[in-house]
Amino acid sequence: MLLSLVIWGWFAFLMLADYGPEFGDRAICRGPLVDLSSEDVECRDPLRQWPALLGILALAVMVTVSAAATMVYAKVLSRLAHRDRPGVRPQD
């Protein structure tokens, strides 16, 4: 779960944060989700291009689904272990 949170945070940072050289008090290039019209040559960061961002998004989704499935599986096994414990009578 922690890994999925880190990857989602990284994805959000890449989508929203300004980057590139500083001009005055802020960076020249805006995040891809904030401003899609950054056509400047200095704004061509490979991690800010859509194919890389979609790859990071796919990785985040896969890790999240895997973590959720593992958590559900662990809870089911825990409930089955408590139900089948010797000496415990089932409730009617």
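Scroll up for the structure.
A brief structural summary. Residue numbers run consecutively from 1 along every chain, following the written order of its sequence. Confidence filtering applies because this is a predicted model: local features only for residues at pLDDT of at least 70, side-chain atom pairs given and counted only at 80 or more, and all residues used for totals across whole chains, interfaces and linings. Only hydrogens and water are removed before side-chain values are computed, so all heavy atoms of the structure are retained for them.

Comments concerning the pattern of salt bridges
Part 1 of the argument: Counted as salt bridges are all cases of a side-chain nitrogen of Lys or Arg within 4 Å of a carboxyl oxygen of Asp or Glu. This structure, assessed with the given rule, holds two salt bridges.
Part 2 of the argument: For the salt bridge of Asp18 with Arg30, the shortest nitrogen-to-oxygen distance reads 3.5 Å. With Asp18 in the loop between helix H1 (2-16) and strand S1 (19-23) and Arg30 in the loop between strand S2 (26-29) and helix H2 (50-83), this pair connects stretches of sequence that are 12 residues apart.
Part 3 of the argument: Note that Arg48 is salt-bridged to Asp45, the shortest N-O span being 3.7 Å.
Part 4 of the argument: Accessible area is worked out with a 1.4 Å probe on protein chains only. A residue is then buried under 20% of its type maximum, exposed over 50%, and partly exposed in between. Residue classification places Arg48 among the buried positions, given a relative accessible area of 8%. What counts as a helix is a DSSP run of H or I of at least four residues, what counts as a strand is a run of E of at least two, and both are numbered from the N terminus.

Some remarks on the pairing of S1
For a regular strand, side chains alternate in direction, first toward one face of the sheet and then toward the other.
Part 1 of the argument: Pairing between two strands is assigned when DSSP locates at least 2 bridges connecting them. The pairing of S1 with S2 spans three bridges and is antiparallel. Residue Tyr19 lies in a different strand from S2, and its bridge partner there is Cys29.

Quick look at the state of the cysteines
Part 1 of the argument: Note that a disulfide, as used here, is simply two cysteine sulfur atoms within 2.5 Å. According to the stated counting rule, one finds one disulfide in the structure shown.
Part 2 of the argument: For Cys29, the disulfide goes to Cys43, at an S-S distance of 1.9 Å. The chirality of the disulfide connecting Cys29 with Cys43 is left-handed, given an S-S dihedral of about -90°. With Cys29 in strand S2 and Cys43 in the loop between S2 and H2, the pair connects residues that are 14 residues apart, well separated along the chain.
Part 3 of the argument: Residue classification places Cys43 among the buried residues on the basis of a relative accessible area of 5%.

Some thoughts on the side chain of Ser4
Part 1 of the argument: Secondary-structure assignment places Ser4 in helix H1.
Part 2 of the argument: Note on definitions: a residue-residue contact is assigned when non-hydrogen atoms from the two residues lie within 4.5 Å. Look past the residues within four positions of Ser4 in its chain and what remains in contact with it is Val63 and Thr64.

Focus on a nonpolar patch on the surface
Part 1 of the argument: Each patch groups residues whose relative accessible area exceeds 30% and which form no salt bridge, using 9 Å between like charges and 5 Å between nonpolar side chains of Val, Leu, Ile, Met, Phe, Trp and Tyr. We get accessible surface area from the Shrake-Rupley algorithm with a probe of 1.4 Å; when it comes to residues, only the shown protein chains can shield them. Side chains of Val72, Tyr73, Val76, Leu77 and Leu80 sit close together on the surface and give an oily, nonpolar patch of about 460 Å² of accessible area.
Part 2 of the argument: Its place among the elements puts Val72 in helix H2.
Part 3 of the argument: Judged by its relative accessible area of 52%, Val72 falls in the exposed class.

As for the packing of H1 against H2
Part 1 of the argument: Here H1 crosses H2 at 160°, and the two axes come no closer than 9 Å. By the angle class used here, H1 and H2 are roughly antiparallel. Pair H1 / H2 crosses with left-handed handedness. Here H1 contributes Leu3, Ser4, Ile7, Trp8, Trp10, Phe11, Leu14 and Met15 to the contact with H2, which in turn contributes Trp50, Leu53, Ile56, Leu57, Leu59, Ala60, Val61, Val63 and Thr64.
Part 2 of the argument: All residues other than Ala, Val, Leu, Ile, Met, Phe, Trp, Tyr, Cys, Pro, Asp, Glu, Lys and Arg, Gly among them, are scored as polar; the first ten of these are nonpolar and the last four charged. Of the residues belonging to the contact of H1 with H2, the class tally is 15 nonpolar, two polar and no charged. The convention used is that axes are lines fitted to C-alpha atoms, helices contributing only their stretch in contact, and that angles between N-to-C directions extend from 0 to 180 degrees. In these notes the angle categories are as follows: under 35 degrees is roughly parallel, over 145 is roughly antiparallel, 65 to 115 is roughly perpendicular, and the rest is oblique. We call a crossing left-handed when the near helix sits turned anticlockwise from the far one by less than a right angle, and right-handed when that turn is clockwise.

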